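Architecture at a glance
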Amino acid sequence: LMIFANWDEITPQAETALLAYVASGKGILPIHCASFCFRNSPEYVKMVGGQFWKHTTDTISANIVQSNNQLMKGVKSLKAFDETYLHSKLQADNNVLMTREIKADQTKDRPETKTEPYTWTRNYGKGRVFYTAFGHDEQAWENPDFHKLLENAIVWTTKHGRLIQH
């Protein structure tokens, strides 16, 4: 299941079904703004691994921190003009694949660090979660490395089993 949307709320019935779907061993790919979906569901935010907090816009160059991870195979570099997401409610067990440099206009918001997690995976029950903050508009969606990242993520989330930490 891929979510690329920005809905404020989820009904209790839909929340139960979505969480059970992923926890049962299925995959989910919340992309970009999907980290700001369903703000009435703390469990959805936990499943995603964090929540969009604020942004500006700038050219983002991804720093691949796990170049040997299967999800990074064939992704040479990812650079695009995009929204510079900062996240809240980041989960300690996120498996961060890519970060981005925090630009000068956001250092006041993140004085404790120079980088922001930008792409990660995690487990939710028996399911697999892939998240990336990239993807605001065509500048990301037309990037061949973004295509490859999403292709790898789709293949990875549809396989059964646990995440292998590298």
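Quick look at the structure, then. This one's a predicted model, so the numbers in the text were calculated from it and none came from an experiment. (Residues numbered from 1 in each chain as written. Predicted model: local features only at pLDDT ≥ 70, side-chain atom pairs only at ≥ 80, totals over all residues. Heavy atoms only, no water.)

Below, the discussion takes up helix α1 (residues 12–23). Spanning 12 residues, α1 covers 16 Å between terminal C-alpha atoms, matching the ideal 16 Å at 1.5 Å per step. Where α1 is concerned, the buried positions are Leu18, Leu19 and Val22. With its buried residues spanning 90° around the axis, α1 presents them on a single face. Those residues of α1 that are exposed and angled more than 90 degrees off the buried face are Pro12, Gln13 and Thr16. Close packing links the buried residues of α1 with β2 (27–30), α2 (42–48), β9 (115–124) and β10 (127–132). Just downstream of α1 lies Gly25, where phi reads positive at about 125°. (Helix = DSSP H or I, 4+ residues; strand = E, 2+ residues; numbered from the N terminus. Expected span 1.5 Å × (residues − 1). Buried < 20%, exposed > 50% of the residue type's maximum accessible area, 1.4 Å probe, protein only. Arc of directions from axis to C-beta. Contact = heavy atoms within 4.5 Å.)

Inspection of the entire model under this criterion finds 8 aromatic pairs. Aromatic pair Trp141 and Phe146: ring centres 4.9 Å apart, planes at 85°, arrangement edge-to-face. We classify Trp141 as partly exposed; its relative accessible area is 28%. Through a chain of ring-to-ring contacts, three or more aromatic side chains come together here, namely Phe4, Trp141 and Phe146. Positioned over the ring face of Phe36 is Arg39, at 3.7 Å from the centre of the ring. (Phe/Tyr/Trp six-rings, centres within 6.5 Å; stacked < 30°, edge-to-face > 60°. Lys NZ or Arg CZ within 6 Å of the ring centre and 35° of its normal.)

Further remarks concern the pairing of β2. Going residue by residue along β2, you find Gly27 and Leu29 tucked away on one face and Ile28 and Pro30 tucked away on the opposite face as well. Of the pairings in the sheet, the one linking strand β1 (residues 2–3) to β2 comprises 2 bridges and is parallel in character. Within β2, the residue paired with Ile3 across the bridge is Pro30. With α1 bridging β1 and its parallel neighbour β2, the resulting β-α-β unit is right-handed. Sheet analysis places β2 next to β10, joined by 2 bridges and oriented parallel. By the bridge assignment, Ile28 is partnered in β10 with Val129. (Pairing = 2+ DSSP bridges. Right-handed = clockwise from strand over helix to strand, strands pointing away.)

A word on unusual backbone geometry. Even without being glycine, Phe38 reaches a positive phi, approximately 50°. Among the structural elements, Phe38 can be located in the loop between β2 and α2. Unusually for a residue other than glycine, Lys89 sits at a positive phi of about 55°. If you trace the backbone, Lys89 turns up in the loop between β7 (86–88) and β8 (95–101).

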